[in-house]
Amino acid sequence: LKLGDDLCEEEGAMLDKAAEHVIAFNLAGLTNVENDVWFPWLRERLCGDKSTETIADEYRRQLGTIIDAVIDEREHIDRLAYAVRDQAKMASVSAIDSSKRREAIANV
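Here is a short report on the structure shown in this document.

Each value, and the rule that gives it
Residues numbered from 1 in each chain as written. Predicted model: local features only at pLDDT ≥ 70, side-chain atom pairs only at ≥ 80, totals over all residues. Heavy atoms only, no water. Helix = DSSP H or I, 4+ residues; strand = E, 2+ residues; numbered from the N terminus. Buried < 20%, exposed > 50% of the residue type's maximum accessible area, 1.4 Å probe, protein only. Polar contact = N/O pair within 3.5 Å; in protein donor to acceptor, adjacent residues only side chain to side chain. Core = buried A, V, L, I, M, F, W, Y, C linked by side-chain atoms within 4.5 Å. Arc of directions from axis to C-beta. Expected span 1.5 Å × (residues − 1). Axes fitted to C-alpha atoms, helices over the stretch in contact; angles between N-to-C directions. Left-handed = near helix turned anticlockwise from the far one by under 90°. Contact = heavy atoms within 4.5 Å. Nonpolar A, V, L, I, M, F, W, Y, C, P; charged D, E, K, R; others polar.

So, about the side chain of arginine 60. The residue arginine 60 is located in helix α2 (residues 57–91) in this model. Accessibility expressed as a relative area gives 12% for arginine 60, which makes it buried. Polar contacts involving the side chain of arginine 60 include one to the main-chain carbonyl oxygen of glycine 48, which spans 3.4 Å.

Counting residues in hydrophobic clusters, the biggest one holds six residues: Leu15, Ala19, Ala88, Ala91, Ala104 and Ile105. Sorting the residues of this core by element identifies α1 (9–47), α2 and α3 (98–107) as the ones contributing at least two each. In terms of nonpolar packing, the next biggest core, distinct from the first, is built from five residues, Phe39, Leu42, Ile67 and Ile71 among them.

Time to look at α3. Burial in α3 covers these residues: Arg101, Ala104 and Ile105. Burial along α3 is one-sided: seen end-on, the buried residues are contained in an arc of 100°.

Structurally, the α-helix is built with 3.6 residues per turn, so residues lying three or four positions apart point the same way. Over its 35 residues, α2 runs 51 Å from end to end, which matches the ideal 51 Å to within 8%, given 1.5 Å per residue. Buried within α2 are the following residues: Arg60, Gly64, Ile67, Ile71, Arg74, Asp78, Ala81, Arg85, Gln87, Ala88 and Ala91.

Look at α2 against α3: their axes get within 8 Å of each other, and the N-to-C directions meet at 145°. Crossing geometry of α2 relative to α3 is assigned as left-handed. Counted together, Gln87, Met90 and Ala91 of α2 and Lys100, Arg101, Glu103, Ala104, Ile105 and Asn107 of α3 form the full contact between these two elements. Looking at side-chain class alone, the contact of α2 with α3 contains four nonpolar, two polar and three charged residues.

Keep in mind that these numbers describe shape and distance, not what the molecule does.
The following block contains the structure:
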């Protein structure tokens, strides 16, 4: 996309559509699978009662802490992704001042 004043409506819409697909569709789907399936399964296998036969209590607690940190990091990434999504939306609105649209494009 061009950063000059000649940014056309179609280019902004293209950026918005791409961001919507990657963030609202792909990332949201991955996040749902991770939150609903992967992290609960991982926690059960590594930290839950079923893991006592193979993993010592001390390590179970440490693994739980690591899983919590990964989940926190994923939540941070989700917030960043939706901030990018908002910037892409802003870039696609022709009624917004062109300098603000250029800034939004640069942020994406």
